[in-house]
Amino acid sequence: MLAKQASTGSTETMTEEIEQLLKNLKLRRMLGVYDEQLRAAEKAQVSYSDFVAALLRAQWHDRQESALEWRIRRANLPDRWSLETFPWSRQPGVNRKQMRAFAELDFVARHENVVLTGKTGVGKTGLACGLLLKALQNGYRCQFIRAQDLFDEMYASLADRSTRRLLNRLARLDVLLIDEMGYLNLRPEQSNTFFKLMEERYNRHSTIITTNLGYDEWHGFLGNKPMVEALLSRVRHYCHTVVIDGPSLREPQS
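Here is what the cut-offs are and how they apply
Counting restarts for each chain: residues are numbered from 1 in the order of the written sequence. A pLDDT threshold of at least 70 governs which residues receive local features in this predicted model, and a stricter bar of 80 or more applies before side-chain atom pairs are shown or counted, although totals over entire chains, interfaces and linings include all residues. Values reported for side chains reflect all heavy atoms of the structure, with hydrogen atoms and water molecules removed beforehand. Only strands that DSSP links by at least two bridges are regarded as paired with each other. Counting from the N terminus, the helices are the DSSP runs of H or I reaching at least four residues and the strands are the DSSP runs of E reaching at least two. All axes are obtained by fitting lines to C-alpha atoms, using only the stretch in contact for helices, and the reported angles, taken between N-to-C directions, cover 0 to 180 degrees. Site definitions follow a grid-based scheme: protein atoms alone, a 1 Å grid, a 1.4 Å probe that fits but cannot get out for cavities, and for pockets an open set with protein on both sides within 12 Å along at least five of seven lines, plus lining residues having an atom within 4 Å of a point. Grid points are joined across faces, edges and corners, and a volume is the space filled by probe spheres set on the points. Each residue gets one of three labels, nonpolar for Ala, Val, Leu, Ile, Met, Phe, Trp, Tyr, Cys and Pro, charged for Asp, Glu, Lys and Arg, and polar for the others, Gly among them. By definition, a salt bridge exists where a carboxyl oxygen of Asp or Glu is found within 4 Å of a side-chain nitrogen of Lys or Arg. Burial classes: relative accessible area under 20% of the type maximum marks a residue as buried, over 50% as exposed, and values in between as partly exposed (1.4 Å probe, protein chains only). Summary of the metric used: pLDDT quantifies the predictor's per-residue confidence within the range 0 to 100. Contacts: residue pairs with any heavy atoms within 4.5 Å of one another. Multiplying 1.5 Å by the residue count of a helix minus one yields the expected span of that helix. Axes are fitted to the seven residues ending at a residue and to the seven starting at it; the angle between these axes is taken as the bend at that residue. Each crossing gets its hand from how the near helix is turned against the far one by less than a right angle, where anticlockwise is left-handed and clockwise is right-handed. Put simply, two rings from Phe, Tyr or Trp (the six-membered ring, in Trp's case) pair if the centres are within 6.5 Å, and we call them stacked under 30 degrees between planes, edge-to-face over 60, tilted for the rest.

Q: Provide a residue-level description of the sheet that holds strand S4 (residues 206–211), including the pertinent values.
A: Here we have five strands laid out as an open sheet, ordered S2-S3-S4-S1-S5, and parallel in their pairing. A strand with exactly one partner marks an edge of an open sheet, and here the two such strands are strand S2 (142–146) and strand S5 (239–244). Between one strand axis and the next, the sheet turns through 10° on average, direction left out of account. Sheet analysis places strand S1 (residues 113–118) next to S4, joined by four bridges and oriented parallel. Note that in S4 the partner of Val115 across the bridge is Ile209.

Following this line, the structure appears as structure tokens:
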């Protein structure tokens, strides 16, 4: 059993030494719960190993949470959308069972794509971000990027000849979420670079795309119909297409 110290003074001395060591070792979570865990251990008369395990468990959970926060920030996730908080009752156009199946992340393991299509405001971005958050929680390398920003980066990379570096970074992500693929004014160089990106991700990593356009409209902004057909053959080969035909979630609520 966890024995009490012989005197109050010796307890305080030992506690101060341990707290200083925890500070020096940067074990801040253990430091934060030390007094509470010590009192609980003395009251319940738990073993030394159980007491140490409780401290280590608290530190481990804190490290895991910090690592997740770092991955979320690095992924540029705009909002903490989650599938648990999605307003399912307000969006009958979404198959909840299907989305829960996606949340198991089998599509990531199989290097499949998910394309969410529907009119503005139906919840495409929220659902996509919810899936990306699940992937981040499971340790996958992910990134969120709006389509306009992606194509802007691609165009800028042509000027300083960093396109290869950009493609290498994006191509190796486990999950890449491209949001709001729509009516964009693109140069041929941007379309070509996007094709290279999708070609390098093909059957290697998963891509999530949200768009308000049907597949037959993609050539309207990407141009070069033969290239678009080749692109779509790769995007759609291993792909789950979710068409959301429901009301806008941005309508004023009475």
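Q: Tell me about empty space enclosed by the protein, residues and numbers included.
A: Applying the stated criterion to the full structure yields one cavity of 30 Å³ or more. Lining the largest cavity, in full, are His111, Asn113, Met198, Arg201, Tyr202, Asn203, His205, Thr207, Arg234, Val235 and Tyr238. Elements supplying a minimum of two residues to the lining of the largest cavity: helix H9 (188–201) and helix H11 (225–237). Tallied by class, residues from the lining of the largest cavity come to four nonpolar, five polar and two charged.

Q: So, the pattern of salt bridges: which residues are in play, and what are the values?
A: One pass over the full model with this rule turns up eight salt bridges. Where Arg234 meets Glu199, a salt bridge forms, and the shortest distance between an N and an O atom there is 3.7 Å. One end of the pair, Arg234, is in helix H11; the other, Glu199, is in helix H9, with 35 residues separating them in the sequence. Taking relative accessible area as the criterion, Arg234 reaches 24% and is therefore assigned partly exposed. Via salt bridges that share partners, Arg146, Asp179 and Glu180 belong to a single interconnected network.

Q: Give me the confidence of the model for the chain: which residues, what numbers.
A: Overall, the predicted model of the chain reaches an average pLDDT of 88, with 93% of residues at or above 70. Counted against residues more than four places away or in other chains, residues 5–11, with its pLDDT under 50, gives two contacts.

Q: Which residues make up helix H2 (residues 28–44), and what are the values?
A: Helical geometry note: an α-helix holds 3.6 residues per turn, so side chains three or four residues apart project in the same direction. Between its terminal C-alpha atoms H2 stretches 24 Å, which fits the 24 Å expected from 17 residues at 1.5 Å a residue. Of all bends in H2, the biggest is about 50°, found at Tyr34. When H2 is considered as a whole, its buried residues turn out to be Met30, Val33, Tyr34, Leu38 and Ala41. Gln45 sits one or two positions beyond H2 and adopts a positive phi of about 55°.

Q: Tell me about the packing of helix H8 (residues 163–171) against H9, residues and numbers included.
A: Packing of H8 against H9 leaves a shortest axis separation of 9 Å and a crossing angle of 40°. The two elements H8 and H9 cross, and the hand of that crossing is right-handed. Residues Thr163, Arg164, Leu167, Leu170 and Ala171 of H8 form the contact with H9, whose participating residues are Thr193, Lys196, Leu197, Glu200 and Arg201. By residue class, the composition of the contact of H8 with H9 is four nonpolar, two polar and four charged.

Q: Outline the packing of aromatic side chains, supporting the account with residue identities and numerical values.
A: Counting across every chain of the model gives seven aromatic pairs. Consider the rings of Tyr34 and Phe51, whose centres lie 6.1 Å apart with planes at 65°: the pair is edge-to-face. Of this pair, Tyr34 sits in helix H2 while Phe51 sits in helix H3 (residues 48–74), and the two are 17 residues apart along the sequence. Assigned by exposure class, Tyr34 and Phe51 land together as buried. The interplanar angle of 50° and the centroid separation of 6.3 Å between the aromatic rings of Trp218 and Phe221 together place this pair among those described as tilted. You can call Trp218 buried: its relative accessible area is 0%. Put simply, the rings of Tyr215, Trp218 and Phe221 touch in pairs and so form one group of aromatic residues.

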